[in-house]
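What follows is the residue order along each chain.
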Amino acid sequence: YHLRRHGHAVTIYDAGPVPGGMMRFGIPRYRLPRDILHAEIRRILDLGVALELNRTVTDIEAAMREGGFDAAFLAVGAHIG
């Protein structure tokens, strides 16, 4: 969100089939209603952020070369308790 607002091209690779990560799978619906989560994700995508689902990065340097990226932010989920 912030990178895009500052004019950077942003691509998100998400290993899952739907966006949201731990906000979707770790926070119960009664604490984070899904319509709010969907609206927040839509707001980010509407800024021009590209989203690629089912995309696991195992080699960050190769992914950066392939995508032509100058920088990367690696956010690993905590799906295992």
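Check the entry above for the structure.
Given the structure is predicted, the values throughout are model-derived calculations rather than measurements.

J.: Hey, could you run me through the overall build of the chain in this one?
T.: A tally of regular secondary structure across the chain gives four helices and two strands. Ordered by position in the sequence, the α and β elements of the chain form the string α-β-α-α-β-α. Projected onto its principal axes, the C-alpha positions of the chain cover 40 × 30 × 15 Å. A buried classification covers 17% of the 81 residues belonging to the chain. Contacts in the chain between residues at least 24 apart in sequence constitute 60% of all its contacts with a sequence separation of at least 6. As presented, the chain carries roughly 6500 Å² of accessible surface, and 56% of it is formed by carbon and sulfur atoms. A gap of 9 Å separates the mean positions of the 10 positive and 9 negative side-chain charges of the chain.

J.: Explain unusual backbone geometry here, please?
T.: With the exception of glycine, the majority of residues adopt a negative phi angle, and the majority of peptide bonds are in the trans configuration. The phi torsion at Asn 54 lies on the positive side, around 55 degrees, for a residue other than glycine. Its location among the elements puts Asn 54 in the loop between β2 (50-52) and α4 (60-67).

Rules of the game
Residues numbered from 1 in each chain as written. Predicted model: local features only at pLDDT ≥ 70, side-chain atom pairs only at ≥ 80, totals over all residues. Heavy atoms only, no water. Helix = DSSP H or I, 4+ residues; strand = E, 2+ residues; numbered from the N terminus. Buried < 20%, exposed > 50% of the residue type's maximum accessible area, 1.4 Å probe, protein only. Contact = heavy atoms within 4.5 Å. Areas by Shrake-Rupley, 256 points an atom, 1.4 Å probe, with all protein chains shown as cover. Lys, Arg positive; Asp, Glu negative; His and termini not counted. Charge placed at Lys NZ, Arg CZ, Asp CG, Glu CD.

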